[in-house]
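An overview of the molecular structure
One letter stands for each residue in the lines below.
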Amino acid sequence: QVQLVESGGGLVQAGGSLTLSCAASGSIARLNAINAMGWYRQAPGKQRELVAVITRGGSTNYADSVKGRFTISRDNAKNTVYLQMNSLKPEDTATYYCNANNRWTDYNYWGQGTQVTVSS
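All values reported here derive from a predicted model rather than from experimental measurement.

1. A word on the overall build of the protein chain
Scanning the protein chain from terminus to terminus reveals one helix and 11 strands. For the protein chain, the sequential pattern of α-helices and β-strands runs β-β-β-α-β-β-β-β-β-β-β-β. Scaling as 2.2 N^0.38, a compact globule of 120 residues should have a C-alpha radius of gyration of about 14 Å, and the protein chain matches this with 14 Å. Dimensions of the protein chain, computed from C-alpha atoms along their principal axes, come out at roughly 45 × 25 × 20 Å. In the structure as shown, the protein chain presents an accessible area of about 6,200 Å², 48% of it carried by carbon and sulfur atoms. Between the mean site of the 11 positive side-chain charges and the mean site of the 7 negative ones, the protein chain shows a separation of 5 Å.

2. Remarks on the sheet that holds strand β3 (residues 18-26)
Pairing is antiparallel in the open sheet, where four strands are placed in the order β1-β3-β8-β7. Taken across any chain shown, the strands that pair with only one partner, and hence form the sheet edges, are β1 (2-7) and β7 (70-75). Sheet twist, expressed as the mean angle between neighbouring strand axes with direction ignored, is 15 degrees. For β3 and strand β8 (residues 80-85), the ladder comprises six bridges, and the chain directions are antiparallel. Looking across to β8, one finds that Thr19 is bridged to Gln84.

What counts and how
- Residues numbered from 1 in each chain as written.
- Predicted model: local features only at pLDDT ≥ 70, side-chain atom pairs only at ≥ 80, totals over all residues.
- Heavy atoms only, no water.
- Helix = DSSP H or I, 4+ residues; strand = E, 2+ residues; numbered from the N terminus.
- Rg over C-alpha atoms; globule rule 2.2 N^0.38 Å.
- Areas by Shrake-Rupley, 256 points an atom, 1.4 Å probe, with all protein chains shown as cover.
- Lys, Arg positive; Asp, Glu negative; His and termini not counted.
- Charge placed at Lys NZ, Arg CZ, Asp CG, Glu CD.
- Pairing = 2+ DSSP bridges.
- Axes fitted to C-alpha atoms, helices over the stretch in contact; angles between N-to-C directions.

Okay, structure coming up:
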């Protein structure tokens with residue numbers, strides 16, 4: 001099993017910045033089996049949506065709504081993924097979930113979620 005622990009959420013004014021972190025822990029074999037790690041978010045009454053994803057090799061993909069404002073990065077040695085969020089908007093308010101995908105089984109691990117609230 002792999003555990004994902006998120007941190008860094010909070011309350012910020014519109015235009016502000018926050019950085020989320022997600023640390024993965026577990027057996028070496030299961031950690032090495034993880035390729036893509038990413039962030040999803042879910043606002044009240046809405047479906048969970050992809051925010052950004054990064055592969056072990058550093059390839060990234062972003063939702064159109066966050067391109068140019070959010071940056072995803074990863075430290076493979078620390079099994080940690082980060083999400084730098086700049087120019088935050090009230091519509092970015094959501095619970096943000098960390099995700100890790102096992103490349104062999106396609107199993108998805110999820111963190112417990114961290115709340116991001118952007119006030120106008």
